[in-house]
There are 2 protein chains.
Amino acid sequence: MNLKQLSEQLGLSQTTVSRALNGYPEVSAATRLRVEAAAKESNYHPSTRAKGLATGRALAIGHVIPMSTKHEMVNPVFGDFIAGAGETYARNGYEMILSIVDDSNEDQIYRSLKLRRAVDGVIVHGPRIDDPRIALLSEIGMPFAVHGQVTHNVLPYTFLDVDNHDAFATATDYLFDLGHRRIALINGLETMDFAYRRRSGYEASLRAHGVAIDPALMRSSEMTEVLGYESARDLLGNSNAPTAFICASLISALGVRRAIEERGLVMGKDVSVITHDDMLSYLQNGGETPIFTATRSSVRTAGRRLAESLLHAIEHPNNPPQETILKCEFVVGHSTGPAPRKDEHGF
Amino acid sequence: MNLKQLSEQLGLSQTTVSRALNGYPEVSAATRLRVEAAAKESNYHPSTRAKGLATGRALAIGHVIPMSTKHEMVNPVFGDFIAGAGETYARNGYEMILSIVDDSNEDQIYRSLKLRRAVDGVIVHGPRIDDPRIALLSEIGMPFAVHGQVTHNVLPYTFLDVDNHDAFATATDYLFDLGHRRIALINGLETMDFAYRRRSGYEASLRAHGVAIDPALMRSSEMTEVLGYESARDLLGNSNAPTAFICASLISALGVRRAIEERGLVMGKDVSVITHDDMLSYLQNGGETPIFTATRSSVRTAGRRLAESLLHAIEHPNNPPQETILKCEFVVGHSTGPAPRKDEHGF
DNA sequence: AACCATACCCAAAGCGCTTTGGAAGCCATT
DNA sequence: AATGGCTTCCAAAGCGCTTTGGGTATGGTT
């Protein structure tokens, strides 16, 4: 069933039917009702492709997932993020198109999406420090919205980010308040902008408490259980081991916990752990009462809201870019406690 | 730059340029080369939409993700699966479109995708026992491929699955060989087809070893760390606790390990654990040597291969459906060992 | 010299929609 | 009775591509 058939069946022109269906005013209430009823009854759905051709709009948003050899981006956060974004698209009649691409020709993909007019805009995932994509997308005139921020960037752009600096400063402050002085940071890859900001929040708190920044207490790697475990195992093996850990991800934190327990220590008593928690649907930080003390912010909500910002930017190209920064919630779980007295474990 | 402009620039007709670019034989090698060079140089990319309109093909594959209130499907497996499928699409000039939809109007979405001619086919994720989608898609004439199988279904369909029955029977057999008799199953939701098959593999092994099936040793829930932990904690608290666990997912297994360690027991010595491992890129089962003994099969490879099957089915509608069953690899890690003697822990 | 393949190429229709630029009908004003 | 302003509708062009149904040289055969 297409427009032509529908209009013939109704004895109207395609113009009128199209207008009735799209809410234009040039059609009487009576005919509009009649048209809408007929459309529903004969299960008429306009072809997205034809519509797109005619209007010049794709009614689709692209998500480009760089798939480095390091796999960093096919990450657990992604599933929840697009679930959130998908809600927004569904509500607004947009489609989500996904491109998995290896880093080498990321440029290519964006250019190609633009030239083929395949999407009306894109979401930029996993921004790195000084990320070149901002400049690229601005240059080719593709509307975009960034999940995160881009340090050193001077161009204006739409983004949504959690306040990573604040979250990690708060977490570090909290540990200081509990009496900890040697606090380790198990960070994500610091080429990623979010990891850079988290570290700077951590360092700011250290400075504020007059504690020297000790590179030996900081690790930066992909946020996997195994790497969290290995980092913590090494750190706990040192003579001057930390009494607390701050983790960039719940997954790393699981690894850290394993290393702690493996040494016969008790998390929350001998060693404290705070983690950032993206509130992933399948990896929850306990039930009612959280296991880990955490800074948390739902990545799914982030997806929903950033998609809204992007659609807004597409529909109002002249408005200034929307910038959203979400504060994390700080929740206290069982993984933190007062710093142990030095003699207790022979430190 | 569009076809018209390109052809004018070349002094050729649109027909010839189109044919040259699409590899039709009616054009001389010389002009073809000339056209291709010009296309590359002026960065010509045909509009997918226009192409689709003209050919009647969408050049896109749909992935519909049912987003139940239980979040089961926005699951960690999904990210890797689509990364794999994406590789196939990229190689074949297809786009992947994702629809997040809540279960109530899943029908709607499939019908709508069909009527709007938005995709050439769909991948069915997370098939349930007796899944109604097979019948629906067959009825509306939408090509599809299932990630998994559908028990009780009689219609022919294209699918790819791991041999879940075999994998879990093998795992259970292995534990019997180590002397275990009380083996718990921490399964996924048994409305899901894969979980049903895993359980039947487990039960088959039990029967083969003359051990009664004990419902008290079997749990079925979403595969989260917390639920894995709680199940194991409860089971280990019983007077007649299991000496071994089989988990449906590495994430559950992490929870099981936590419960084991919390009781001061040692995994691989006091209690054995085998898990199924989807080889997710961000959640690996150790490095060189696996932590958990596991049945494993890359879900990413599954994505790549199932997408190939679907494209094949689309291009050769009359061929019989491709059915692929992948055997799992069985790897031995540190999480399994001989069953402890009864008196050791007061069992 | 006339004929026929063969190799190249083209004009135009069509895919399903939106949108421009009217036209027709109707009523109230002058 | 002519004018003008609404309301309601329509024919046709156009979005960028593919594909049908040709046409025109070119060169080899009789």
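Residues numbered from 1 in each chain as written. Chains lettered and ligands numbered in written order. Predicted model: local features only at pLDDT ≥ 70, side-chain atom pairs only at ≥ 80, totals over all residues. Heavy atoms only, no water.

So, on to the relation of the copies chain B and chain A. Two copies of a chain can be linked by a rotation about an axis combined with a shift along that same axis. Of the transformation superimposing chain B on chain A, the axial component is 0.0 Å and the angular component is 180 degrees, with the fit at an RMSD of 0.2 Å. What we have between these two chains is a two-fold relation. Most of the interface of chain B is mirrored in chain A, where 100% of its interface residues again form contacts. (Least-squares fit on C-alpha atoms with pLDDT ≥ 70 in both. Contact = heavy atoms within 4.5 Å.)

For the rest of this paragraph, the subject is the domain arrangement of chain A. By domain assignment, chain A separates into domain 1 (3-46), domain 2 (60-162 + 299-327) and domain 3 (165-297 + 330-345). Once you take the C-alpha centre of each, domain 1 of chain A and domain 3 of chain A turn out to be 61 Å apart. (Domains from an automatic or database assignment.)

A few words on helix α9 (residues 193-208) of chain A. All names here are of chain A. An ideal rise of 1.5 Å per residue puts 22 Å on 16 residues; α9 measures up with 23 Å between its terminal C-alpha atoms. Those residues of α9 lying buried are D193, A195, R197, R198, G201, Y202, E203, S205 and L206. Against β5 (158-162), α8 (164-177), β6 (183-187), β7 (218-220), β8 (244-247) and β9 (272-277) lie the buried residues of α9. Once α9 ends, the next one or two residues include G210, with phi positive near 65 degrees. (Helix = DSSP H or I, 4+ residues; strand = E, 2+ residues; numbered from the N terminus. Expected span 1.5 Å × (residues − 1). Buried < 20%, exposed > 50% of the residue type's maximum accessible area, 1.4 Å probe, protein only.)

Attention shifts here to the side chain of T336 of chain B. All names here are of chain B. Secondary-structure assignment places T336 in the segment after β12 (329-331). Polar side-chain contacts of T336 include one of 2.6 Å to the side chain of T293. Not counting chain neighbours up to four residues away, the residues in contact with T336 comprise Y174, L175, L178, G268, S272, V273, I274 and T293. (Polar contact = N/O pair within 3.5 Å; in protein donor to acceptor, adjacent residues only side chain to side chain.)

Residues in contact with DNA strand C amount to 29 residues; listed here are only the nearest, L3, S18 and R19 of chain A together with T15 and R19 of chain B. The sugar and phosphate moieties of DNA strand C supply 59% of its atoms located within 4 Å of the protein. Between DNA strand C and L3 of chain A there is a distance of 2.3 Å, counted from a phosphate oxygen to a backbone nitrogen or oxygen. Breaking the surface near DNA strand C down by element, the ones donating at least two residues are α2 (14-21) and α4 (48-55) of chain A together with α2 (14-22) and α4 (48-55) of chain B. (Near = heavy atom within 4 Å.)

Moving on, we come to the nonpolar core. Nonpolar side chains in soluble globular proteins generally cluster together in the buried interior. Judged by nonpolar contacts, the single largest core of 133 residues is most densely connected at Y89, F245 and V273 of chain A together with F245 and V273 of chain B. Counting 44 residues, the second largest nonpolar core, distinct from the first, contains V122 of chain A together with Y110, I134 and Y157 of chain B. (Core = buried A, V, L, I, M, F, W, Y, C linked by side-chain atoms within 4.5 Å.)

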